[in-house]
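Commentary on secondary and tertiary structure
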Amino acid sequence: MNFLQSVFLGLVQGITEFLPVSSSGHLMIFEQLMHFEGDIEFFNVFLHVGTLFAIMIGMQRDIVKLFKAFVAMAKDCFYNIRLFMKIGSSEKEPHYRRIISNNYRKLVLIIIIATIPTAIIGHVLNSFVGGGSYSMIMVGIGMLISGVLMMVVSRVKPRGKLPRDIGLSGTLLTGVAQGMAVLPGISRSGAVITCGILLGFSTRLSIRFSYLLSIPAVIGALILELSRISTEGTVTIAFIGCCAAGAFTAMIVGLMVIHAMMHMVGRRGIGAFSLYCFVIGFAVILLSYLI
């Protein structure tokens, strides 16, 4: 692996991570075509760290508001508990604070609840993915599935709902959809954006929701990947330099793609990506029989 290859793969990761086209599928395709030499899992961890930083920078305003909402929710929970214990059996009716009082607080709750099925499904499917994640046919099929989902949702009319309008069933469904994206070729962002639109969010809010919901999922996946990696005898200073170059490229390109998705695609919809997934999906399946 050389410097140019790492930068190119960082470019691929930065673009595809934030588009509904499966970044893992694209990385697998290009890494096989380029006959990647080196610790591929270690390198991919660096790429995901790069795009995680892109999310943290690109969505910093929302992240700060979510953090403040989480802290306020925790304070109100402790206040209500202390009030309950203080009053005890008193006949005086306590004035409890409302925990979910705005959209950001509700969004915090949605992210927490949706992450639970994502983690469970990711763990269950992990052994299956581990045995087939390098199958080009599986990647192609996954991309075709993503294409179908986006084609269907592109015909759905947004209803302008906000996070406060989403119930438990919709939240769990979104978490399940994100968890299924562990399968190669199925786009995580595409699955969550699809769920967001079906739940009534605008396309732009669905995109924002997808990026914010990805943060705990990506952090969890990184921890899992790091726990499995064995780098003994495979990591050199030159390889670390290539990993850093790939991560930096993924971060910079990712920031630009986030901006484009929020402003351009947020207004025009995601229908065009369904066609892309169909073309690439069929091409990958065909290619799998030729190489």
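Placed above this text is the structure.
Let us look at the structure shown here. Quick caveat, the model's predicted, so the values are computed rather than measured.

Take the pattern of salt bridges next. Pairing is possible between side chains that carry opposite charge, provided their charged atoms lie close to one another. Across all of its chains, the model carries 3 salt bridges by this definition. The salt bridge involving R208 is made with D62; its shortest N-O contact spans 2.8 Å. Note that R208 is positioned in helix α9 (residues 203–228) and D62 in helix α4 (residues 60–87), a separation of 146 residues in sequence. On the accessibility criterion, D62 (11% relative accessible area) is buried. Its salt-bridge partner being D76, residue R105 comes within 2.8 Å of it at the nearest N-O pair. Remark: D76 occurs in helix α4 and R105 occurs in helix α5 (residues 103–132); sequence separation between them is 29 residues. In this pair, the class of R105 matches that of D76, namely buried.

Attention shifts here to the packing of helix α1 (residues 3–16) against helix α3 (residues 40–58). α3 packs onto α1 with a crossing angle of 50° between their chain directions and a minimal axis gap of 10 Å. As far as their axial angle goes, α3 and α1 are oblique. Handedness of the crossing formed by α1 with α3: right-handed. Contacts from S6, L9, G10, Q13 and G14 of α1 reach α3 at F43, L47, H48 and T51. Within the contact of α1 with α3, the residues separate by chemical class into 3 nonpolar, 6 polar and no charged.

To continue, consider the packing of aromatic side chains. Each aromatic ring pair is described using two quantities: the centre-to-centre distance and the angle formed by the ring planes. For the structure on display, the rule yields 5 aromatic pairs. Arranged with centres 5.2 Å apart and planes meeting at 50°, the rings of F42 and F46 form a pair that is tilted. With a gap of 4 residues between them, F42 and F46 both fall in helix α3, about one helical turn apart. Within the aromatic cluster, the residues linked to one another by ring pairs are F42, F46 and F239. Sitting over the ring of Y79, R97 keeps its end group 3.8 Å from the ring centre.

Every buried residue belonging to helix α2 (residues 23–33) is among S23, G25, H26, L27, M28, I29 and E31, and all of these are buried. Just past α2, the residue H35 takes up positive phi, approximately 50°.

Turning next to the side chain of T194. Position of T194 among the secondary structure elements: in helix α8 (residues 188–198). For T194, a relative accessible area of 5% corresponds to the buried category. Setting aside its immediate chain neighbours within four residues, T194 contacts L149, M150 and V153.

The subject of this paragraph is unusual backbone geometry. Although it is not a glycine, S22 adopts a positive phi angle of roughly 70°. Positionally, S22 belongs in the loop between α1 and α2.

Moving on to a nonpolar patch on the surface. A grouping of I137, I141, I145, L149, L286, Y289 and L290 is seen on the molecular surface, where their side chains present a nonpolar patch of about 700 Å² in accessible area. Per-element tally for the nonpolar patch: the top contributor is helix α6 (residues 136–153), with 4 residues. Relative to the helices and strands, L286 is located in helix α11 (residues 271–288).

What counts, and at which threshold
- Residues numbered from 1 in each chain as written.
- Predicted model: local features only at pLDDT ≥ 70, side-chain atom pairs only at ≥ 80, totals over all residues.
- Heavy atoms only, no water.
- Salt bridge = Lys/Arg side-chain N within 4 Å of Asp/Glu carboxyl O.
- Helix = DSSP H or I, 4+ residues; strand = E, 2+ residues; numbered from the N terminus.
- Buried < 20%, exposed > 50% of the residue type's maximum accessible area, 1.4 Å probe, protein only.
- Axes fitted to C-alpha atoms, helices over the stretch in contact; angles between N-to-C directions.
- Parallel < 35°, antiparallel > 145°, perpendicular 65-115°, else oblique.
- Left-handed = near helix turned anticlockwise from the far one by under 90°.
- Contact = heavy atoms within 4.5 Å.
- Nonpolar A, V, L, I, M, F, W, Y, C, P; charged D, E, K, R; others polar.
- Phe/Tyr/Trp six-rings, centres within 6.5 Å; stacked < 30°, edge-to-face > 60°.
- Lys NZ or Arg CZ within 6 Å of the ring centre and 35° of its normal.
- Patch = residues over 30% accessible without salt bridge, like charges linked within 9 Å, V, L, I, M, F, W, Y side chains within 5 Å.
- Areas by Shrake-Rupley, 256 points an atom, 1.4 Å probe, with all protein chains shown as cover.

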